[in-house]
Amino acid sequence: MANTLALRIFTLQPSSGVPIYLQLIQQVRRMVASGQLTPGTELPSVREVATEYTVNPTTISKAYSLLENEGLLQRNRGKPMTIAAGRHGAGSLPQRLKQIESQVDALVLAARQLELKSTDLCQFIAKKMEKNRD
Amino acid sequence: MTESVVTTRGLGKTIGKKTILRNISVDVDAGSVVGIIGKNGAGKTTLLEILLGFSPASNGSAQLFGHDSFTLPAATKGRIGFVPQQDELVSLLTCRQQLALIAALHRHWNHALIERLLAAWEVPMDSLIQTLSGGERQKLSTLLALGHEPELLVLDEPVASLDPISRRQFLSEVIEISADHVRTVLFSSHIISDLERVADQIWIVRNGELAWAGPLDALKEAVVRLNISARRLLPSSLPLGNAISQQISGQRASAVVSHWNEEQLADLRRALDAEIEVEPLSLEDIFLEFHA
């Protein structure tokens, strides 16, 4: 069951230090892992994204190709690319942890600078996760 | 195999005793959008002038579409469009008349395209050129280079006088032009955020040489800032092979490195016994670091 996305589903920042293709890849990975993008969902074409965001189409094309290699996207001759089947809900635990690894590194760095203990930090995180449960 | 649109080998330019360009060797494939950045006086305009054949090289070679730049055949010249930094508009003509003049010089002219852009860019078609604002002049000057749909479009600071809306319209057009990977764009600009949108290759011209000539993505991945927080006092100089700059204070340090890759991180963490945050840099920050 295919559905087409609103065009503006990504947030691309050309002036970020992170290359645009990598921003796109990271966002698609996260949205697939969280279930926000379901199998069969059609993605906008390279040209549509490039035009909508006013960015070079080569970078979008590169992102889509790499996501296809990862198995997250599927090319369909003559039709839009879709989220590949078999990617329902969350990835494996190590995969999901890897996706937030850079944020955790930043958090650990900040915590160390504030001389916080690992137990205090973990308790604080547990409290937050309890509070933000749907 | 893609045809190389621009090829230079050991290109140099000297005027009198002054060396303006030194040892420039690049290849540009069809379909690329090359963003060219550099301080004023670094040699950007001279490089473009030599590539286009307005000025001969002092040493080395420059070729466009396989032909020596300085002796381009007329047919090859027709494949090129150029927007110079100083426009060459004729004051006493109207915009329409100026466009008609240029259109007559080309065998192919896309009238529909020009009409669409004249309207979208709000160029006052029947006004005399001498009454145009700086921005309107720049827009007209750009249109003159787009009408014949050249395979190679060379732009020397084409948007310096344009407001953000006009600039964005212009960038959309550049993206449209490059979308089929057939037409090539060389785009020199100080507005680095524009280049981060449309360019896939970057040339950094510094003191007449190319400090970088390669993909924008690779540049952003290679040049990063390392924010270091160590568990013991750091040495007075960090064990980094490619540090562009470093600031060390006790157990904290910050260093900008080039040629970075993730594999270096683990070794560095161990060597310094430190937490290291890898901070990616915008193109503007990278440019500033290259000139620190």
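Refer to the preceding data block for the structure.
Calculation rules
Residues numbered from 1 in each chain as written. Chains lettered and ligands numbered in written order. Predicted model: local features only at pLDDT ≥ 70, side-chain atom pairs only at ≥ 80, totals over all residues. Heavy atoms only, no water. Helix = DSSP H or I, 4+ residues; strand = E, 2+ residues; numbered from the N terminus. Buried < 20%, exposed > 50% of the residue type's maximum accessible area, 1.4 Å probe, protein only. Contact = heavy atoms within 4.5 Å. Areas by Shrake-Rupley, 256 points an atom, 1.4 Å probe, with all protein chains shown as cover. Lys, Arg positive; Asp, Glu negative; His and termini not counted. Charge placed at Lys NZ, Arg CZ, Asp CG, Glu CD. Axes fitted to C-alpha atoms, helices over the stretch in contact; angles between N-to-C directions. Parallel < 35°, antiparallel > 145°, perpendicular 65-115°, else oblique. Left-handed = near helix turned anticlockwise from the far one by under 90°. Nonpolar A, V, L, I, M, F, W, Y, C, P; charged D, E, K, R; others polar. Pairing = 2+ DSSP bridges. Phe/Tyr/Trp six-rings, centres within 6.5 Å; stacked < 30°, edge-to-face > 60°. Lys NZ or Arg CZ within 6 Å of the ring centre and 35° of its normal.

J.: Is there a simple way to think about the overall build of chain B in this case?
T.: Helix and strand counts for chain B stand at 10 helices and 14 strands. Counting only residues that meet the buried cut, chain B has 50% of its 292 residues in that class. When contacts within chain B are restricted to residue pairs at least 6 apart in sequence, long-range pairs at least 24 apart make up 66% of them. On chain B, roughly 13,500 Å² of surface is accessible, and the fraction owed to carbon and sulfur atoms is 49%. Charge separation in chain B, taken as the distance between the mean sites of 26 positive and 35 negative side-chain charges, equals 5 Å.

J.: Sorry if this is basic, but what is going on with the packing of helix 1 (residues 20–33) of chain A against helix 3 (residues 57–70) of chain A here?
T.: Two quantities define a packed helix pair, namely the angle between the axes and the distance from one axis to the other. All names here are of chain A. As a packed pair, helix 1 and helix 3 sit with axes 8 Å apart at the nearest point and diverge in direction by 40°. Taken together, the axis directions place helix 1 and helix 3 in an arrangement best described as oblique. The crossing of helix 1 and helix 3 is right-handed. Mapping the contact onto sequence places Ile20, Tyr21, Leu24, Ile25, Val28 and Arg29 in helix 1 and Thr59, Ile60, Lys62, Ala63, Tyr64, Leu66, Leu67 and Glu70 in helix 3. Tallied by class, the residues present in the contact of helix 1 with helix 3 amount to 10 nonpolar, 1 polar and 3 charged.

J.: Sorry if this is basic, but what is going on with the pairing of strand 2 (residues 18–29) of chain B here?
T.: All names here are of chain B. Sheet topology note: the strand 1 (residues 4–15)/strand 2 ladder contains 8 bridges and is antiparallel. Bridge pairing links isoleucine 15 to lysine 18 in strand 2. Where strand 1 folds back on strand 2, the antiparallel hairpin that results is connected by 2 residues, among which glycine 16 adopts a positive phi of roughly 65°.

J.: I keep staring at the packing of aromatic side chains and nothing clicks. Help me out?
T.: Describing an aromatic ring pair means giving the distance of the ring centres and the angle of the ring planes. With the rule as written, the count across this model stands at 3 aromatic pairs over all chains. Considering the side-chain rings of phenylalanine 170 of chain B and phenylalanine 187 of chain B, the 5.7 Å spacing of their centres and the 90° angle between planes classify their relative orientation as edge-to-face. Remark: phenylalanine 187 of chain B occurs in strand 8 (residues 184–188) and phenylalanine 170 of chain B occurs in helix 6 (residues 164–178); sequence separation between them is 17 residues. Of the residues examined, phenylalanine 170 of chain B reaches a relative accessible area of 3% and is grouped as buried. Its relative accessible area of 0% is what places phenylalanine 187 of chain B among the buried residues. Joined through ring pairs, the aromatic side chains of Trp121, Phe170 and Phe187 of chain B make up one cluster. When the ring centre of tyrosine 21 of chain A is taken as origin, the NZ or CZ atom of lysine 62 of chain A, which lies over that ring, is 4.1 Å away. The ring of phenylalanine 65 of chain B has arginine 79 of chain B sitting right over it, with the charged end atom 3.9 Å from the ring centre.

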